[in-house]
Amino acid sequence: MPKEIVVPAGSGKPLAPYSPGTKADGVVYVSGTLPFDKDNNVVHVGDAAAQTRHVLELIKSVIETAGGTMEDVTMNHIFLTDWSNYGAINTVYAEFFPGDKPARYCVQTGLVKPDALVEIATVAHIGK
């Protein structure tokens with residue numbers, strides 16, 4: 001099965017050996033996405049809602065580069081550093097998924113940079 005690496009225009013270099021997204025057989029797998037700018041600096045420090053919006057915009061750019069839309073998202077894996085941010089994250093999340101909601105899970109954990117409050121990895125099924 002052939003695969004296609006998905007890198008939106010203007011993306012920064014990943015911190016580790018991975019691609020922002022991979023498309024195979026109509027499925028787009030979006031790597032864990034953190035609230036980073038192009039230089040891998042955390043943006044919106046201390047603001048879980050703004051970080052979530054930034055992360056979901058980055059995810060959206062990967063999915064759109066692969067030829068899909070956010071309506072194609074079928075699964076989200078959400079990682080947060082503190083349950084006190086759960087409400088703010090959900091409020092922004094609901095803006096990006098106003099209709100039928102994708103499946104998801106959410107766990108509390110440490111992230112690669114201490115100022116990052118949220119990370120999301122996504123699966124989308126495009127076409128057909």
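Residues numbered from 1 in each chain as written. Predicted model: local features only at pLDDT ≥ 70, side-chain atom pairs only at ≥ 80, totals over all residues. Heavy atoms only, no water.

A. Structural context of the pairing of strand S2 (residues 21-24). The sheet contact formed by strand S1 (residues 3-6) and S2 spans four bridges and is antiparallel. In the strand pairing of S2, Val6 is matched with Gly21. Where S2 and strand S3 (residues 27-33) come together, four bridges link them in antiparallel fashion. Bridging across to S3, Gly21 finds its partner in Val30. (Pairing = 2+ DSSP bridges. Helix = DSSP H or I, 4+ residues; strand = E, 2+ residues; numbered from the N terminus.)

B. A look at the nonpolar core. Core analysis: the largest hydrophobic core is formed by 25 residues, its most contacted members being Val28, Leu56, Ile59, Ile63, Met70, Phe97 and Ile120. Within the residue set of this core, elements represented by two or more residues are S3, helix H1 (48-65), strand S4 (73-80), helix H2 (86-96) and strand S6 (118-125). Among the elements that make up this core, the one with the highest residue count is H1 (six residues). Membership of the second largest hydrophobic core comes to five residues, among which are Leu34, Val42, Leu111 and Ala116. (Core = buried A, V, L, I, M, F, W, Y, C linked by side-chain atoms within 4.5 Å. Buried < 20%, exposed > 50% of the residue type's maximum accessible area, 1.4 Å probe, protein only.)

C. Quick look at H1. Here H1 is 18 residues long and its end C-alpha atoms lie 26 Å apart, about the 26 Å a rise of 1.5 Å per residue gives. Those residues of H1 that sit buried are Ala48, Ala50, Gln51, Thr52, Val55, Leu56, Ile59, Val62 and Ile63. Considering only its buried residues, H1 is in contact with S1, S2, S3, S4, H2 and S6. The residue sitting at the N-terminus of H1 and contributing the capping side-chain oxygen is Asp47; that oxygen lies 3.2 Å from the backbone nitrogen of Ala49. (Expected span 1.5 Å × (residues − 1). Contact = heavy atoms within 4.5 Å. Polar contact = N/O pair within 3.5 Å; in protein donor to acceptor, adjacent residues only side chain to side chain.)

D. Quick peek at the pattern of salt bridges. Per the counting criterion, the structure on display carries one salt bridge. In this structure, Glu95 and Arg53 form a salt bridge, with 2.3 Å as the shortest nitrogen-oxygen distance. Of this pair, Glu95 sits in helix H2 while Arg53 sits in helix H1, and the two are 42 residues apart along the sequence. Taking relative accessible area as the criterion, Glu95 reaches 47% and is therefore assigned partly exposed. (Salt bridge = Lys/Arg side-chain N within 4 Å of Asp/Glu carboxyl O.)

E. Looking closely at the side chain of Thr33. Relative to the assigned elements, Thr33 resides in strand S3. Using a relative accessible area of 11% as the deciding quantity, one classes Thr33 as buried. In this structure the side chain of Thr33 is engaged in a polar contact, spanning 2.8 Å, whose partner is the backbone oxygen of Ser31. Excluding residues within four positions of it along the chain, Thr33 makes contact with Val55, Leu58, Ile59, Val118, Glu119 and Ile120.

F. The arrangement of the packing of aromatic side chains in detail. Tallied over the entire structure, the rule returns three aromatic pairs. Between Phe79 and Tyr105, the ring centres sit 6.2 Å apart and the planes meet at 85°, which makes this aromatic pair edge-to-face. On the criterion of sequence distance, the pair formed by Phe79 in strand S4 and Tyr105 in strand S5 (residues 103-108) is long-range, its members being 26 residues apart. Here Tyr93 and Phe97 contribute two aromatic rings whose centre-to-centre distance is 4.7 Å and whose plane-to-plane angle is 40°, an arrangement assigned as tilted. Judged by relative accessible area, Phe97 falls into the buried class, the value being 3%. Above the plane of the ring of Tyr93 lies Arg104, whose end atom (NZ or CZ) is 4.7 Å from the centre. (Phe/Tyr/Trp six-rings, centres within 6.5 Å; stacked < 30°, edge-to-face > 60°. Lys NZ or Arg CZ within 6 Å of the ring centre and 35° of its normal.)

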